[in-house]
Amino acid sequence: MDKLDIILKTLDDKLAEDVKVINLEGSSIADTFVLASGASINQTRALADYIEDDLEKEGYSLISKEGLREGEWILLDVGDIIVHIFTMKNRQFYDLDNLWEK
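By the naming in an unreviewed UniProt entry, the chain goes by Ribosomal silencing factor RsfS and is assigned to Anaerococcus tetradius. Under the Subcellular location (unreviewed entry) heading, UniProt states for the chain: "Cytoplasm". A UniProt comment under Sequence similarities (unreviewed entry) is attached to the chain, and it reads "Belongs to the Iojap/RsfS family."

Set out below in C-alpha cells:
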C-alpha cells in the first residue's frame, strides 16, 4: 500500500469529514495535499495519531508534524504528501480547498 492509500484509508476508517485530495504536481511544496476535517479538537488529534501509526506500520515515517498541541489545524509532512487536518471552523476560515485548487 502506498502512503496516499494508507492516509485515505485511515481517514475513512476513523470517520474524518470532507476528505479532499489536491494534486500539486509542479509545485516545490509537495506533490499532494490531503485536506480533512474533524468534528472536534480531540478527533483532529486522534486522526493525526492514527495516520502516523498506520504509516509507521507500513514502514513510512513523518518528516514533521505541527499543530498537535492546539489541534485546530494539524499538518503532517510525509515528504511528497502534506496532510492538513482541521476543525471545521478553521477549515472554513483558511479555505485551503479554494486557495490551492487549480
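### As for the pattern of salt bridges
All chains considered together, the criterion is met by seven salt bridges. Note that Lys65 and Glu52 form a salt bridge whose closest N and O atoms lie 2.6 Å from each other. With Lys65 in strand β3 (residues 64-66) and Glu52 in helix α2 (residues 41-57), this residue pair connects regions lying 13 residues apart in the sequence. When its relative accessible area of 35% is taken as the criterion, Lys65 is described as partly exposed. For Glu52, a relative accessible area of 17% puts it in the buried group. Through salt bridges with shared partners, one network takes in Asp18, Lys20, Arg91 and Asp97.

### Thoughts on the sheet that holds strand β2 (residues 32-38)
Read across the open sheet, the five strands follow the order β1-β2-β5-β4-β3; overall the sheet is mixed. The open sheet is flanked by β1 (17-23) and β3, the only strands paired with a single partner. The mean inter-strand angle of the sheet, taken between neighbouring strand axes irrespective of direction, is 10°. Where β1 lies against β2, five bridges are found, and the strand directions are antiparallel. Across the sheet, Lys20 pairs through a bridge with Leu35, a residue of β2.

The rules we used
- Residues numbered from 1 in each chain as written.
- Predicted model: local features only at pLDDT ≥ 70, side-chain atom pairs only at ≥ 80, totals over all residues.
- Heavy atoms only, no water.
- UniProt positions renumbered as here; feature names shortened; annotations may be inferred.
- Salt bridge = Lys/Arg side-chain N within 4 Å of Asp/Glu carboxyl O.
- Helix = DSSP H or I, 4+ residues; strand = E, 2+ residues; numbered from the N terminus.
- Buried < 20%, exposed > 50% of the residue type's maximum accessible area, 1.4 Å probe, protein only.
- Pairing = 2+ DSSP bridges.
- Axes fitted to C-alpha atoms, helices over the stretch in contact; angles between N-to-C directions.

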